[in-house]
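Chain by chain, the residues run as shown.
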Amino acid sequence: MVNCQAEPEKAMVDETETQAINQVSFPENRSVEFVTGQFEFEDHPDFVRVADSLSDKEIYLQKPTYEAFLDMAAHAEADGVELIVISGTRNFMVQKFIWDRKWENSEEETGMAKARDILLYSSMPMTSRHHWGTDIDLNNLTNSWFKEGEGKIVYDWLTTHANDYGFYQPYTDKSLNGRNGYEEERWHWTYMPLADHYLEFYNQNITNEDITGFEGSDLAPQIDMVANYVNGVSVKVKNY
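About the criteria used
Residues numbered from 1 in each chain as written. Predicted model: local features only at pLDDT ≥ 70, side-chain atom pairs only at ≥ 80, totals over all residues. Heavy atoms only, no water. Core = buried A, V, L, I, M, F, W, Y, C linked by side-chain atoms within 4.5 Å. Buried < 20%, exposed > 50% of the residue type's maximum accessible area, 1.4 Å probe, protein only. Contact = heavy atoms within 4.5 Å. Pairing = 2+ DSSP bridges. Helix = DSSP H or I, 4+ residues; strand = E, 2+ residues; numbered from the N terminus. Axes fitted to C-alpha atoms, helices over the stretch in contact; angles between N-to-C directions. Polar contact = N/O pair within 3.5 Å; in protein donor to acceptor, adjacent residues only side chain to side chain. Phe/Tyr/Trp six-rings, centres within 6.5 Å; stacked < 30°, edge-to-face > 60°. Lys NZ or Arg CZ within 6 Å of the ring centre and 35° of its normal.

### Observations concerning the nonpolar core
- Counting 64 residues, the largest nonpolar core has Phe69 and Phe167 as its most contacted members.
- In contact with Phe69, not counting residues within four places along its chain, are Leu54, Leu83, Val85, Ile136, Leu138 and Phe167.

### Quick look at the sheet that holds strand β4 (residues 135-138)
- The four strands lie next to each other as β3-β4-β6-β5, forming an open sheet whose pairing is antiparallel. Where the open sheet ends on each side, the last strands, each with one partner, are β3 (85-87) and β5 (167-168).
- Here β4 runs beside strand β6 (residues 188-191); their pairing, made up of three bridges, is antiparallel. From the neighbouring strand, Asp137 faces β6, where its bridge partner is His188.
- With respect to the sheet, helix α8 (residues 192-205) is in contact with β4, β5 and β6, its orientation differing from that of β6 by roughly 80°.

### Some details on the side chain of Ser55
- Within the secondary structure layout, Ser55 lies in the loop between β1 (47-49) and β2 (60-62).
- The class for Ser55 is buried, based on a relative accessible area of 10%.
- One polar contact links the side chain of Ser55 to the main-chain carbonyl oxygen of Ala51, over a distance of 3.0 Å.
- With sequence-adjacent residues up to four places away left out, Ser55 is seen in contact with Val50, Ile84 and Val85.

### Digging into the packing of aromatic side chains
- Under the defined criterion, the tally for this structure stands at 16 aromatic pairs.
- Between Phe41 and Tyr60, the ring centres sit 5.7 Å apart and the planes meet at 55°, which makes this aromatic pair tilted. You can see Phe41 sitting in the loop between α2 (32-35) and β1 and its partner Tyr60 sitting in strand β2, a full 19 residues away along the chain. With respect to burial, Phe41 and Tyr60 carry one shared label: buried.
- Each residue in the set Phe34, Phe39, Phe47, Trp132 and Tyr198 is aromatic and connected to the rest through ring pairs, giving one cluster.
- For Lys114, the ring lying beneath its charged end belongs to Trp103, and the centroid distance is 5.9 Å.
- Looking at Arg186, its charged tip hangs above the ring of Tyr155, at a distance of 4.5 Å from the centre.

In structure tokens:
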């Protein structure tokens, strides 16, 4: 016989646990310089280095992001799933290095074509969520890896449990979410208890005309980077 009263009780417990996890202090470090990545995260007091056992190189995250990741990684390990951070905070200069390299190596003939090609998976400097110390790339940087074998196990675990720890996939399948911007990134997860505040501040203080300092930055207004890419996120992230 089914116990019809058990499910509401469980739902109340789950909701309470999630609310406790999401209670993060309002970030006092919000500024134009911060949300556009113009600071040194290695020396910033709000950032901490990810343990070598949980990363594949030297990576930094904001402390609340990292603490939530540690809890999530411990749960995953108990379930036989390994989570490895392969990218975290990237400031303006790091993102500029990535962008400039791709710009120089692009075989597209026009600046707009170069930009559109790079923007499939990489952000313009000053527009990346990775500036904020809230976003992590996990395990592998190809969607195909997450569709079979070990990668599918990891992705299935994340889609089931990551939200409980405050982590959401910002760039989901566009055909299912009706969003603009980057292609799907199954490896990219954002810590919404912090990231939500930074996106709000970004939208209030940054315009396309503010995006500058690298090859192709003059195209930001025409592309409408803020509307189409900075805010080109999943429904769950928009509605958080």
